[in-house]
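Residues per chain are reported as follows:
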Amino acid sequence: MSPSHSAAPVRPPAARLDVENLSLQFGGVKALDGIDLHVEPGSITALIGPNGAGKTSAFNAISGFYRPKTGTVKLDGVDITQVPARDRAKLGLARTFQNIALFRGMTVLDNIKLGRHAHLTSGVFGAFLYWGKTRREEMELRAEIERDVIDFLELDHIRNVPVAILPYGLQKKVELARALAMRPRILMLDEPVAGMNREETEDMARAILDVRDEWGVTVLLVEHDMGMVMDISDHVCVLNFGRRIAAGSPTEVRNNPDVIKAYLGGSGDPRKAALDGAAMGEVA
Amino acid sequence: MAVEFIDIVETSLAGIGTGSLMALTGVAFVIIYKATKVINLAIGEMLMIGAFVFYGFSAGLSLPIWASVPLTLAVAAVIGGLIERTMIRPLLKDNPVSVFMVTIGLTSVLIGVVELVWSAEPRRLPEFLPSQPVLFGEVFIPSKTAYSFVIAAAAMAVLITVFSFWRGGIALRATATDRAAASSVGIDVPGVFSFSWMLAAVVAALAGILVGSVGGISSAMGLFGLSVFVVVIVGGLDSILGALIAGLFIGWLEAMVGRFMGGEFKLLATFTILLVVLVVRPYGLFGTHEIERL
Amino acid sequence: MRVGTAKESYAADEGLFKTDTQKVWFGLLLAGLVLFPLNGSNYWMFLAVLVMINVISTTGLNILTGYTGQVSLGHAAFMAVGAYTVAFFDGRFDTPVLLNLVLAGAVAAGIGYLVGLPSLRIKGLYLAIATLAAAVILGFVFLNWTPVTGGLRGLNVPTATIAGIELATPDRLYWLVMPITVIMVLAAKNLFRSRVGRAFIAIRDRDISAEIIGISLLKYKLMSFAISSFYAGVAGGLWAYLFRVVTPESFPALASIFFLAAVIVGGAGTIVGGIFGAVFMTLIPEFLKLSATALVPWFPDASIYLAPVRNIIFGLLIIGFLIFEPMGLAEMWRRTRRYFALWPFRT
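(A) Quick look at the overall build of chain B. Looking only at helices and strands, chain B has 11 helices and 2 strands in total. Walking chain B from its N terminus toward its C terminus, one meets helices and strands in the order α-α-α-α-β-β-α-α-α-α-α-α-α. Each principal axis of the C-alpha distribution contributes one length, and for chain B these read about 60 × 50 × 35 Å. For chain B, buried positions account for 55% of its 294 residues. For chain B, the proportion of contacts with a sequence separation of at least 24, taken over those separated by at least 6, is 74%. Per element, the accessible surface of chain B, about 12,500 Å² overall, is 69% carbon and sulfur.

(B) Expanded view of the interface of chain C and chain A. At the interface, 34 residues of chain C touch 47 residues of chain A. For the pair chain C and chain A, the summed buried surface comes to about 3,400 Å²; carbon and sulfur atoms form 61% of the total. Here chain C is connected to chain A by 5 salt bridges. Across the pair Asp13(C) and Arg142(A) runs a salt bridge, and its minimum N-O distance is 2.9 Å. Linking chain C with chain A are 15 residue pairs in polar contact (both at pLDDT 80 or more). Broken down by element, the side of chain C that touches chain A gets its largest block of residues, 8 residues, from helix 9 (residues 195-205) of chain C. Residue classes in the side of chain C that touches chain A are distributed as 18 nonpolar, 5 polar and 11 charged.

(C) The arrangement of empty space enclosed by the protein in detail. Using the criterion set out here, one finds 3 cavities of 30 Å³ or more in the structure. In this structure, the largest cavity occupies an estimated 50 Å³ of space. Met46(B), Ile49(B), Gly50(B), Ala76(B), Ile79(B), Gly80(B), Ile83(B), Leu110(B), Ala201(B) and Ala205(B) are the residues that line the largest cavity. Put simply, the parts of the chain that give the lining of the largest cavity at least two residues each are helix 2 (43-60), helix 3 (65-88) and helix 8 (189-215) of chain B. Here the lining of the largest cavity takes 4 residues from helix 3 of chain B, the largest share from any one element. Of the volumes computed, that of the second largest cavity is approximately 40 Å³. Forming the boundary of the second largest cavity are Thr96(A), Phe97(A), Lys172(A), Leu176(A), Leu189(A), Asp190(A), Glu191(A), Pro192(A) and Met204(A).

(D) Structural detail: the pattern of salt bridges. One pass over the full model with this rule turns up 29 salt bridges over all chains. Across the pair Arg178(A) and Glu175(A) runs a salt bridge, and its minimum N-O distance is 3.9 Å. Of this pair, Arg178(A) and Glu175(A) both sit in helix 6 (residues 168-181), 3 residues apart, which is roughly one turn of the helix. Here Arg178(A) falls in the buried class, since its relative accessible area comes to 2%. A salt bridge links Lys289(C) to Glu286(C); the shortest N-O distance between them is 3.4 Å. Remark: Glu286(C) and Lys289(C) occur in helix 13 (residues 271-295); sequence separation between them is 3 residues, near one turn of the helix.

(E) Quick look at the side chain of Ser219(B). Residue and element names in this part refer to chain B. Within the fold, Ser-219 resides in the loop between helix 8 and helix 9 (224-235). Looking at Ser-219, its side chain comes within polar contact range of the side chain of Glu-115, at 2.9 Å. Residues in contact with Ser-219, not counting those within four places in the same chain, are Met-48, Phe-52, Ile-111, Val-114, Glu-115 and Ala-120.

(F) Inspection of helix 3 (residues 42-67) of chain C at higher detail. All names here are of chain C. Look at helix 3: 36 Å from first C-alpha to last across 26 residues, which is about the 38 Å you get at 1.5 Å a residue. Where helix 3 bends most, at Leu-61, the angle is about 30 degrees. With 22 of its 26 residues buried, helix 3 lies for the most part within the structure. Where helix 3 begins, one side-chain oxygen reaches toward the backbone nitrogen of Tyr-43, 3.3 Å away; that side chain belongs to Ser-41. After helix 3 finishes, the residue Gly-69 shows a positive phi value of roughly 80 degrees.

(G) A look at a nonpolar patch on the surface. Where nonpolar side chains cluster on the molecular surface, the patch consists of Leu116(B), Val117(B), Ile304(C) and Tyr305(C) and spans about 360 Å² of accessible area. Within the fold, Ile304(C) resides in the loop between helix 13 and helix 14 (306-324).

(H) Inspection of the sheet that holds strand 6 (residues 93-95) of chain A at higher detail. All names here are of chain A. Read from one edge to the other, the open sheet built from 6 strands follows the order 6-7-8-3-9-10, with strand pairing classed as mixed. Of all the strands in the sheet, just strand 6 and strand 10 (243-248) have a single pairing partner and so form its edges. Strand-to-strand, the axes of this sheet are offset by a mean angle of 20 degrees, without reference to chain direction. Inspection of the sheet shows strand 3 (residues 44-48) paired to strand 9 (residues 235-240) by 4 bridges, in the parallel sense. Paired with Thr-45 across the strands is His-235, a residue of strand 9. Seen against the sheet, helix 6 touches strand 6 and strand 7 (186-190) and runs at an angle of roughly 160 degrees to strand 7.

Parameters and conventions
- Residues numbered from 1 in each chain as written.
- Chains lettered and ligands numbered in written order.
- Predicted model: local features only at pLDDT ≥ 70, side-chain atom pairs only at ≥ 80, totals over all residues.
- Heavy atoms only, no water.
- Helix = DSSP H or I, 4+ residues; strand = E, 2+ residues; numbered from the N terminus.
- Buried < 20%, exposed > 50% of the residue type's maximum accessible area, 1.4 Å probe, protein only.
- Contact = heavy atoms within 4.5 Å.
- Areas by Shrake-Rupley, 256 points an atom, 1.4 Å probe, with all protein chains shown as cover.
- Buried area = accessible area lost by both parts, 1.4 Å probe.
- Salt bridge = Lys/Arg side-chain N within 4 Å of Asp/Glu carboxyl O.
- Polar contact = N/O pair within 3.5 Å; in protein donor to acceptor, adjacent residues only side chain to side chain.
- Nonpolar A, V, L, I, M, F, W, Y, C, P; charged D, E, K, R; others polar.
- 1 Å grid on protein atoms, 1.4 Å probe; cavity = no way out; pocket = protein on both sides within 12 Å on 5 of 7 lines; lining within 4 Å.
- Points joined across faces, edges and corners; volume = space filled by probe spheres on them.
- Expected span 1.5 Å × (residues − 1).
- Bend = angle between axes of the 7 residues up to and from the residue.
- Patch = residues over 30% accessible without salt bridge, like charges linked within 9 Å, V, L, I, M, F, W, Y side chains within 5 Å.
- Pairing = 2+ DSSP bridges.
- Axes fitted to C-alpha atoms, helices over the stretch in contact; angles between N-to-C directions.

Any functional reading would require information beyond the geometric quantities listed.
So, in structure tokens, the structure goes:
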């Protein structure tokens, strides 16, 4: 197979994300309580915190699955708080899921193609005929994906393999590939290296750095692997019990006493007393 | 056209009589759903097979009623257990749609079995309920309707008591809430599954005997299941109370529509209600609304 | 062992048929379809037409249930809509056959779209039940809207006439049904090479992910309902031309189960599976009929048991395939092919 490297890759400019005063509530449980988060264009920002801190809730609110109680989400200064999840794809917001959410019945290639869905235009009649515009569009899509995504993430050997039979690490990578196919301006990764061994983790970390460097995309990630977070992030934001307790460079955060206390637990800390109850009521 | 008040009252009471049978069958459905999360489309056919087994014992073998009824319920329990063991359990870990479609296949099998053994002709069950009509003042209630209502009500009272206080009932509710947790506290989850199907088959068979004694039996009586389906959806799939209330309501509604608009409008009315409930309140009046987690 | 399957371009890799072997097989299939009428038997021609009508309808249900994951318990009702549409237009206005068939598909698609509307709020099994409700309501309409549907007695359907030729017998009708079947099956195959078909599968596999990549769930579910009903409507229209009479009894609830069984037995989510399923399920009753006739010397009333035995077998096929071969005949076929493609080297 000889991929044609004719057209220049389409690289939309990195976006800036501003989250202000975000609160989220499930019944009586406050999952998020007035979170502020600022993600600079082209940066890698990590959202960390102990279990139940509200990281994934924040992700789900930013990507539009949960309606926040208060607060705003702004993409490049435009308020998108009321935009439904599916329409955020077109704005350049792409994400992956903590527990992989690929289309299990499809091949790697089809999964990645789906990432571009919102950017394609052919309709149902074109689809039946597979001729003219539809055919051209599909061919361009295939060439682009081969060049920009499959070559880039080195997935060529598995492009026609059904994702269901791939090992975990590769599935995570395919999910990243699908997100890239969305031509994201901001890429949100929910625990991209969870459950991976050392080698897979390094491979993924490298891929994330490459994505940022070569695609110039903003990356926001949630991750438990501290080593990886501290290695690749420009900016770290720490959540605990739905509140932001610290933000800054990896070094600043590492030495912040509140953060140490949150992770190791400290005597006399009121949050500690609330731990048992809150951990059980934590949602998502 | 003036509708006589007494006509309305009599129709309503007859409807509530039928409704109690729908409620009873609905409870059978809910038992299965609560324990195994299986939507059993074959509940009407399980009712039908119960009625035919009873016919076999009471008319075929000419056994007395006091022997036929327990024998029928015992056979129903065996059938329920067999269905669970051979068709449902192998698929419980699969997606719910597969199990649902298995129950669709089951309807076809049960109808075939009944037609094979008893043919497709409608039949009458031997008379065993007192035939003296019940009169409340001027209001006339056919005896079969009245007695089947009493029996259905008694059966449901027993079931509800059992579920609230007996250990097995609590185990069933625990399994319904969280299989893994139930299993970890030592509840025999597969046992609960088998038991729930057996119990539901017994309840459905009892309902079948009653439905059959009121309106006769045929291989098409599984259609009763369609109304029961509406009952459990309106009431909420996992709510016994919902099945009770919705059962009485749907029974009443079908009787009123049948009496005052014509029999062909019955199913139309029920299914229109079903569509409205599905769109407005999909989890039913009393069902649990599950929060979707990502 | 099959070799030389590497491609020179993406266009070749995205082709409808990926290998020369596949092209040869398809050519042979077409030749077989063209030559089939040479057998000259009216019975076989009737059966062939019936099989192809069921192939169209099963493919339609496969698009909705197998590919989009929305179980429909009312598919036969959409076929009935198509059949009534053809009977109404051809009988009342003598409109051309092809137009009637398109109308049959369009009316069914429109109603399918409406039936799909609750999928805005409900999904999975609840939606299946809503389709059942819709089928019951449609059945009521067929029975009671007498001026249009002829009520209980139904409608007679005129002979299909194209360019002055009366397609009164199955061997002539074959030349109408066969090309339509080939076109509609190929169109369905194409659908899943494109953006629209991928969106359907995405909704089936993981609806949350589908939403995050910008797929409007409602829009595509409705589209799937409409396409599926369109196929059913056209199949129903052809059915009307084959049987020449449409009544409320023509498409009983059991027929919906028949098509669901065909999808499952054949292989949900593959086009070839829909074909296998339709052929297999249509031929089973015929096979049973033959067996019953053969058994008459020993069991004089064997034919009485035909209908019940058929019901039991349909049911057991659904259950058996779901438990033991959920991917259906298509998967068995794939395994066989794989074996020969690698022959004599086994993996």
